[in-house]
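# Reading the structure
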Amino acid sequence: VHAYIWDKKAMGNPEACRQAARALMLRERLDRLIGEIDRKNQIAIHWAQRVGFKEIGTVRQRKDAHGNRHDVVLFDALLGDLTWA
């Protein structure tokens, strides 16, 4: 399952993404969210970190939906990681 917790309106507003991710976790009773971001997508990696996701490591040569292989950075977030002021 893929869920997007940001859109163009939310760019620059990590609090909105944290709130959306937190609401999803609470509503669906999830223990954690896990995300994969292409290693080359530095903007998305930086954004995930700003939102509160923590880097777990790199999955090498991960196949995408089209069968192409590329390295992805694996992130996760626990409920406590998604707090805001």
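These lines cover the structure that appears in this document, whether it is placed above or below. Small disclaimer: the values here were computed from a predicted structure and weren't measured. (Residues numbered from 1 in each chain as written. Predicted model: local features only at pLDDT ≥ 70, side-chain atom pairs only at ≥ 80, totals over all residues. Heavy atoms only, no water.)

## Points about the overall build of the protein chain
- The helix and strand inventory of the protein chain stands at 2 helices and 3 strands.
- Taken from the N to the C terminus, the helices and strands of the protein chain come in the order α-β-α-β-β.
- Looking at the protein chain residue by residue over its 85 residues, the buried ones come to 26%.
- Partitioning the intrachain contacts of the protein chain with sequence separation of at least 6 by distance along the chain shows that 58% fall at a separation of at least 24.
- Counting every atom, the protein chain has about 6,300 Å² of accessible surface; 50% of that belongs to carbon and sulfur. (Helix = DSSP H or I, 4+ residues; strand = E, 2+ residues; numbered from the N terminus. Buried < 20%, exposed > 50% of the residue type's maximum accessible area, 1.4 Å probe, protein only. Contact = heavy atoms within 4.5 Å. Areas by Shrake-Rupley, 256 points an atom, 1.4 Å probe, with all protein chains shown as cover.)

## Comments concerning the sheet that holds strand S1 (residues 32-38)
- Spatially, the 3 strands line up as an open sheet ordered S1-S3-S2, and their pairing is antiparallel. The sheet terminates laterally at S1 and strand S2 (54-63), the two strands that pair on one side only. Along the sheet, successive strands turn relative to each other by an average axial angle of 25°, direction set aside.
- In the sheet, S1 pairs with strand S3 (residues 69-78) via 7 bridges, with the strands oriented antiparallel. Across the sheet, residue Ile-37 finds its bridge partner in S3, namely Val-73.
- In this fold helix H1 (residues 14-28) packs onto S1 and S3, with an angle of close to 135° to the strand it touches most, S1. (Pairing = 2+ DSSP bridges. Axes fitted to C-alpha atoms, helices over the stretch in contact; angles between N-to-C directions.)

## Describing the pairing of S3
- As paired strands, S2 and S3 are joined by 7 bridges and run antiparallel to one another. Its bridge partner being in S3, Arg-62 is matched across the sheet by His-70.
- Counted along the chain from S2 to the antiparallel partner S3, the turn is 5 residues long, and its residue Gly-67 has a positive phi close to 85°.

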